[in-house]
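Here is how the chains run, residue by residue.
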Amino acid sequence: MTESLIEIRDMTKVYGEDEGAVYALAGVDAEVKHGEFVAIMGPSGSGKSTLMNILGCLDRPSSGAYVLDGRDVSQLTKNELAEVRNQKLGFIFQSFNLLPRLSALTNVMMPMLYNPLEDIGDEEAEARAIAALESVGLGSRLHHHPNQLSGGQQQRVAIARALVNHPPLILADEPTGNLDSKSSVEIMGILHQLHHQGVTIVMVTHEHDIAAHAQRTICVRDGKIVNDGHCADSRQ
Ligand SMILES: Nc1ncnc2c1ncn2[C@@H]1O[C@H](COP(=O)(O)OP(=O)(O)O)[C@@H](O)[C@H]1O
Ligand SMILES: [Mg+2]
């Protein structure tokens, strides 16, 4: 196991061409070690989502290297990236992104049913999904559908789904952005628990009190990292 889980070197992402070209990422270097809990902050349009999409292997950089868990993934094909996502990553989104017609249990089983690397039988998948839902305090809501759950509960289902294949890296894009403050505290409590269990977490937020839960804050502006440590005085 290499020491860094994430290593990015001189990464750019350019949208458009010629005079219309937009450097969403304009040369980013960063490293995240195994077990870190990192927040990414920055104004709207600064490149946070672009960076998260590349870290999450949903998109490729225009240039530069991205080494994830010892493997350069910056030039992989779409299918290869999908495989990396399945093995290495769990996602948590602001809007939960649960499938509305499926129960909490089935939502959490989905990543295992579509795992091409491991043939997990239905019974085993169900047992693991139940354990994941119990670990986020939803053992009594297995058969509820998303519209029968509060926002905080839906986000807990999404966390259980993100965890169920035991990825080393969890990417969270504004995980508390749609939640009231009590649910936000619960969700951050769960992320802390995961961090203590050794999961590496990279989280975008624009709320300073949420970022304060992380050990380290990376601030981006105009596609560049302008601060790496704490962003206490870059409040906007
Ligand atoms: N698909 C795209 N096509 C063209 N420009 C884009 C695209 N996605 C993002 N951009 C531009 O790249 C810059 C960074 O966007 P984004 O990563 O979404 O920022 P943030 O998430 O920090 O708000 C912005 O100027 C945005 O307009
Ligand atoms: Mg964004």
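Residues numbered from 1 in each chain as written. Chains lettered and ligands numbered in written order. Predicted model: local features only at pLDDT ≥ 70, side-chain atom pairs only at ≥ 80, totals over all residues.

Colleague: Pulling in residues and values, what's your account of the environment of E19?
Modeller: Relative to the helices and strands, E19 resides in the loop between β1 (4-15) and β2 (22-33). Owing to 5 C-beta atoms within 10 Å, E19 belongs among the exposed residues under this scheme. Taking the C-alpha atoms as reference points, E19 and P100, 81 residues apart in sequence, are found 43 Å from one another. (Helix = DSSP H or I, 4+ residues; strand = E, 2+ residues; numbered from the N terminus. Buried ≥ 20, exposed ≤ 12 C-beta atoms within 10 Å, placed from the backbone.)

Colleague: I'd love a proper account of the nonpolar core, names of residues and values included.
Modeller: With 62 residues, the main nonpolar core has I40, V108, L133 and A160 as its most contacted residues. Ranked by the residues each element gives to this core, the list is headed by helix α5 (residues 151-163), at six residues. Look past the residues within four positions of L133 in its chain and what remains in contact with it is A104, L105, V108, L138, G139, L142 and A160. (Core = buried A, V, L, I, M, F, W, Y, C linked by C-beta atoms within 7 Å. Contact = placed C-beta atoms within 7 Å.)

Colleague: Can you break down the site of ligand 1 residue by residue, with the values?
Modeller: Around ligand 1, the neighbouring residues are Y15, G16, V22, A24, G42, S44, G45, S46, G47, K48, S49 and T50. Breaking the shell around ligand 1 down by element, the ones donating at least two residues are β2 and α1 (48-55). Broken down by element, the residue count for the shell around ligand 1 peaks at three residues, all from α1. Among the residues making up the shell around ligand 1, the classes are represented as three nonpolar, eight polar and one charged. (Near = placed C-beta within 6 Å. Nonpolar A, V, L, I, M, F, W, Y, C, P; charged D, E, K, R; others polar.)

Colleague: Give me the lowdown on the sheet that holds strand β4 (residues 63-68), citing residues and values where you can.
Modeller: The strand order β2-β1-β4-β5 describes an open sheet built from four strands, whose pairing is antiparallel. If you trace the sheet from one side to the other, it starts and ends with β2 and β5 (71-72), each paired once. Sheet analysis places β1 next to β2, joined by nine bridges and oriented antiparallel. Each residue of the ladder has a partner; that of T12, found in β2, is A26. (Pairing = 2+ DSSP bridges.)

Colleague: Residue-level account of the packing of α5 against helix α6 (residues 181-196), with values.
Modeller: Direction vectors running N to C along α5 and α6 enclose 15°, while the axes themselves pass 9 Å from each other. Judged on the interaxial angle alone, α6 and α5 are roughly parallel. Seen along the crossing, α5 lies across α6 with a hand that is right-handed. Here α5 contributes G151, G152, Q155, R156 and I159 to the contact with α6, which in turn contributes S183, E186, I187 and I190. Partitioned by chemical class, the residues of the contact of α5 with α6 number three nonpolar, four polar and two charged. (Axes fitted to C-alpha atoms, helices over the stretch in contact; angles between N-to-C directions. Parallel < 35°, antiparallel > 145°, perpendicular 65-115°, else oblique. Left-handed = near helix turned anticlockwise from the far one by under 90°.)

Read these as layout, nothing more, since geometry by itself doesn't imply function.
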